[in-house]
Amino acid sequence: VIAEHVTTRQLYAANAFLRTASRVLLPLCEFKARSFIDLELAVKRLRAEHIDPWLVPHLPLGVVVRASGSPALYHTSAIRQRLCKFLERPMADVADAGSARASQPESQRLEVVVRGERVSLFVDASGGPLHERSWRQGGAKMPMKVSVAAGLLMSSGWLPNSFSNASAAGGGGAPRALLDPFCGSGAIAIEAACLALGSPPHCLQERYFALQQWPAFEPGVWASVRGEATERTEAAERRRDKLRPPTIVGSDRDAGAIATAQMNAARAGVSDLIDFHVAPISTLPPPPLPPTAHTAGSAPSVPTARGLVLTNPPWGHRSAGSGDLRNLYARLGQVVAKHCPSYSLAILVDDKRLARHAGGTRSQLKVTIGGKPVW
């Protein structure tokens, strides 16, 4: 997310509350540079007003460079070295620039975009990637990023506040049950439960953000954001007691993955909202759709909201040992059609032909994972 033309509070709140962002970048400056001499002169001219207020003095600087179309500024390593020299900062390994859980930063992160003669500098306000939730621990092979899981849920209609509206209005149009038959470490199911409650994605008492160490950091504004996070957390707990929760089921044939998912759900505080169990897709019973609201003394009405099967089956490198993926996807489509006729099916694939084997006909969302486009 590029935080352009935002207030200080909006910048801080973006880091605290956005569920689908990987990082929040603050634009610092933009200038023309045909050579490294131009780059040095521009940095010296703009440094005091536009760059230094956002960089921690003497802290190592990790520089990410994306260069294209420049006959001179194309060597990314040279750009990194020159910028650290011009800004008088030791150069840090980009992979180690920032930590989501460290109480103090070990380095900071600057992003440089070079398009022809145009150079843009951005400072990373997040530190560690925002998909790193405090409840997420290791243990799963190629786990889905929680930010991607949130994007899949939102694009499939599993939206914040839809459950309170559905309870009050008798069902609404939002899905009232969720099934993930390839749940792995539980990212989709856990994020679905957090969205249903309306809880914030991060515990601000446990997570460090790079912006907290900026020379231009405003503690009073950050205290306001932390107060709002506390209010949202308390509101989520009240909502847990008052609202009829959606049905959320996660399954996987890997017992180790299910054990990890259960531990993650417990750390996230939503283990009571999710039913995890070990099962292949062929033996998976569909979770029942909750009845819609009805008046006292009358029979429950037929649910007006469908359920949702949302899952991330094996594909690409994840498909090793899975056999013919066409058969796997076809079997998934058959099980959903037979046992979950009131459910929508949404799957993440790197090849749209696989989706057609499962009955998929429409692309709802396109994202990039590890440089690879997926739908």
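Scroll up a little and you will see the structure.
Trainee: Break down the pattern of salt bridges for me, with residues and values.
Mentor: With the rule as written, the count across this model stands at 17 salt bridges. The partner of Lys44 in a salt bridge is Glu40, with the nearest N and O atoms 3.0 Å apart. With a gap of four residues between them, Lys44 and Glu40 both fall in helix α2 (residues 36-51), about one helical turn apart. For Glu40, a relative accessible area of 26% corresponds to the partly exposed category. A salt bridge links Glu237 to Arg240; its shortest N-O distance comes to 3.3 Å. Of this pair, Glu237 and Arg240 both sit in helix α7 (residues 219-242), three residues apart, which is roughly one turn of that helix. Taking the relative accessible area as the measure of exposure, Arg240 reaches 19% and is therefore buried.

Trainee: Got a sec to walk through the nonpolar core? Specific residues and values, please.
Mentor: Among soluble globular proteins, nonpolar side chains are generally buried collectively. Membership of the largest hydrophobic core comes to 53 residues, with the highest contact counts inside it found for Leu178, Val270, Ile274 and Phe276. Looking at which element gives the most residues to this core, the answer is helix α6 (residues 187-197), with nine residues. Val270 has contacts with Ile190, Ala193, Cys194, Leu197 and Ala265, leaving out every residue within four places of it along the chain. Core analysis: the next-biggest nonpolar cluster, separate from the first, contains 48 residues, Ala14, Phe31, Leu55 and Phe209 among them.

Trainee: Can you tell me about the sheet that holds strand β3 (residues 108-115), naming the residues and giving the values?
Mentor: Strands sit in the order β1-β4-β3-β2 across an open sheet of four strands; the sheet is mixed. Looking at strand neighbours, the two that pair on one side only are β1 (25-32) and β2 (61-68), the edges of this open sheet. Recorded for the sheet is a direction-independent mean angle of 20 degrees between the axes of neighbouring strands. Contacting β2, β3 and β4 (118-124), helix α3 (residues 76-86) crosses the sheet at an angle of about 135 degrees to β2.

Trainee: Give a description of α7 that names residues and reports values.
Mentor: Between its first and last C-alpha, α7 extends 35 Å over 24 residues, near the 34 Å set by a 1.5 Å rise per residue. All of the buried residues along α7 are Val221, Trp222, Val225, Glu228, Ala229, Ala236 and Arg240. Turning to α7, the residues buried within the fold contact α1 (8-17) and α6.

Trainee: Describe unusual backbone geometry, naming the residues involved and giving the relevant values.
Mentor: The residue His5 is not glycine, and still its phi comes out positive at about 55 degrees. Topologically, His5 is positioned in the segment before α1. Of the residues examined, His5 reaches a relative accessible area of 77% and is grouped as exposed.

Trainee: Which residues make up helix α9 (residues 325-339), and what values go with them?
Mentor: The first and last C-alpha atoms of α9 sit 21 Å apart over 15 residues, in line with the 21 Å expected at 1.5 Å per residue. Taken as a whole, α9 has its buried residues at Leu325, Tyr329, Leu332, Gly333, Val335 and Val336. The arc that holds the buried residues of α9, viewed along the axis, is 160 degrees, so those residues lie on one side. Residues of α9 that are exposed and angled more than 90 degrees away from the buried face: Asn327, Ala337 and Lys338. As for α9, its buried residues are in contact with β8 (307-311), β9 (343-347) and α10 (352-357).

Trainee: I'd like a description of empty space enclosed by the protein, backed by residues and values.
Mentor: Tallied over the entire structure, the rule returns three cavities of 30 Å³ or more. Leu179, Pro181, Ile281, Leu284, Val309, Leu332, Val335, Val336 and Cys340 together form the lining of the second largest cavity. Each residue belonging to the lining of the second largest cavity can be placed in one class, and the counts come to nine nonpolar, no polar and no charged.

Reading the values: the criteria
Residues numbered from 1 in each chain as written. Predicted model: local features only at pLDDT ≥ 70, side-chain atom pairs only at ≥ 80, totals over all residues. Heavy atoms only, no water. Salt bridge = Lys/Arg side-chain N within 4 Å of Asp/Glu carboxyl O. Helix = DSSP H or I, 4+ residues; strand = E, 2+ residues; numbered from the N terminus. Buried < 20%, exposed > 50% of the residue type's maximum accessible area, 1.4 Å probe, protein only. Core = buried A, V, L, I, M, F, W, Y, C linked by side-chain atoms within 4.5 Å. Contact = heavy atoms within 4.5 Å. Pairing = 2+ DSSP bridges. Axes fitted to C-alpha atoms, helices over the stretch in contact; angles between N-to-C directions. Expected span 1.5 Å × (residues − 1). Arc of directions from axis to C-beta. 1 Å grid on protein atoms, 1.4 Å probe; cavity = no way out; pocket = protein on both sides within 12 Å on 5 of 7 lines; lining within 4 Å. Points joined across faces, edges and corners; volume = space filled by probe spheres on them. Nonpolar A, V, L, I, M, F, W, Y, C, P; charged D, E, K, R; others polar.

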